[in-house]
Amino acid sequence: MDINKVMVIGAGQMGSGIAQVHAMAGMKVVLHDLKEEFVQRGLAQMTKNLSRQVEKGRMREAEKTEILDRIQLSTDLTHASDVDIVIEAAVENMRIKSELFAKLDQIAPAHAILATNTSSLPITEIAAATNRPEKVIGMHFMNPVPVMKLVEVIRGLATADEVYEVVEALSRKLQKIPVEVNDFPGFVSNRILMPMINEAIFTVYEGVATPEAVDEVMKLGMNHPMGPLTLADFIGLDTCLYIMETLHEGFGDDKYRPCPLLRKYVKAGWLGKKSGRGFYQYE
């Protein structure tokens, strides 16, 4: 099956990035969100990203215009009625995702694939909200989407082989590298990354070292481009906590217990870069 038209649900940082790379690959894109202001903000972010490419000489102004012309803005879910794939990048909440997929199942054409960009929630459970579980799959992009090469392609319990193959080919068309993953809490990326971040937080909580010292050890000693606490601030401490809770619940293993300091920071509203304060302070 050829993918010619894509709907991306959620015009935030991830959704607008996903829409951008599909438009850059020559596909028609419907960028959907609940409010007009949200989709306009997503369009502004894409325009800014592409303008930067023009300034750097990596793209012509005419190419930028062609890419943006392929993007249709939407606040009406019925625009899913003529697409080949829907990629959901909404909030990380199982109830919201299940309700959304149940609606999409009714609206999207029978051949359409329903994909989710979830970073930790079970694909199988999301698929159970539809009458086409064989056509439901995970496409977990990395942030920032236009830059990062990886896409975790996650099979649910019922995902059909041909659906996996279409999504794998689509990922390559986006100049991404797809990696096949089965449906377990946190998949591969967050199952490994988040416990490392959580352990870094424990070292601060227990007074072993300051955030600056922890990050320096991991950058200079382990060759990480960014320390785990800086990375946690960029991801959002609320997101880190949510994923740790998902791992803890999914596996029932105390090695995934979120650090009390992480909980305290989130309750204080210290969510990282987006709130101006996390393990570090931001202007």
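With an unreviewed UniProt entry as reference, the protein chain is termed 3-hydroxybutyryl-CoA dehydrogenase, source organism Halalkalibacter alkalisediminis. A UniProt comment under Sequence similarities (unreviewed entry) is attached to the protein chain, and it reads "Belongs to the 3-hydroxyacyl-CoA dehydrogenase family." Turning to the protein chain, the UniProt record has this under Pathway (unreviewed entry): "Lipid metabolism; butanoate metabolism."

Novice: Is there a simple way to explain the nonpolar core in this structure?
Specialist: General note: in soluble globular proteins, nonpolar side chains tend to be found buried as a group. Ile85, Ile87, Ile137, Met139 and Phe141 are the most contacted members of the largest nonpolar core, which has 36 residues in total. No other element matches helix 6 (residues 161-173), which puts five residues into this core. Other than its neighbours up to four places away in sequence, phenylalanine 141 contacts Met14, Ile18, His22, Ile87, Asn117, Leu150, Val151 and Leu174.

Novice: Looking at this structure, how should I read the packing of aromatic side chains?
Specialist: To describe a pair of aromatic rings, one takes the distance between the centres and the angle between the planes. Inspection of the entire model under this criterion finds four aromatic pairs. Stacked on the ring of tyrosine 164, the Lys or Arg arginine 155 has its end atom at 4.6 Å from the ring centre. Taking the ring centre of tryptophan 270 as reference, the NZ or CZ of arginine 277 above it sits at 3.7 Å.

Novice: What's the story with the pattern of salt bridges in this structure? I'm lost.
Specialist: Once the charged atoms of two side chains with opposite charge are near each other, the side chains can pair. Within this structure, the stated rule accounts for 15 salt bridges. Between lysine 97 and glutamate 88 there is a salt bridge, with the nearest N and O atoms lying 2.4 Å from each other. Each member of the pair, lysine 97 as well as glutamate 88, carries the same accessibility label: buried. Between aspartate 161 and arginine 155 there is a salt bridge, and its shortest N-O distance comes to 2.9 Å. Accessibility expressed as a relative area gives 45% for aspartate 161, which makes it partly exposed. The network of salt bridges with shared partners includes Glu88, Glu92 and Lys97.

Novice: How do you make sense of the UniProt feature "domain: 3-hydroxyacyl-CoA dehydrogenase C-terminal" (unreviewed entry) in the protein chain when you look at a structure like this?
Specialist: Mapped onto this structure's residue numbering, the UniProt feature "domain: 3-hydroxyacyl-CoA dehydrogenase C-terminal" (unreviewed entry) falls at residues 186-282. Taken end to end, residues 186-282 has its terminal C-alpha atoms 28 Å apart, with 62% of it in helix and 0% in strand.

What counts as what
- Residues numbered from 1 in each chain as written.
- Predicted model: local features only at pLDDT ≥ 70, side-chain atom pairs only at ≥ 80, totals over all residues.
- Heavy atoms only, no water.
- UniProt positions renumbered as here; feature names shortened; annotations may be inferred.
- Core = buried A, V, L, I, M, F, W, Y, C linked by side-chain atoms within 4.5 Å.
- Buried < 20%, exposed > 50% of the residue type's maximum accessible area, 1.4 Å probe, protein only.
- Helix = DSSP H or I, 4+ residues; strand = E, 2+ residues; numbered from the N terminus.
- Contact = heavy atoms within 4.5 Å.
- Phe/Tyr/Trp six-rings, centres within 6.5 Å; stacked < 30°, edge-to-face > 60°.
- Lys NZ or Arg CZ within 6 Å of the ring centre and 35° of its normal.
- Salt bridge = Lys/Arg side-chain N within 4 Å of Asp/Glu carboxyl O.

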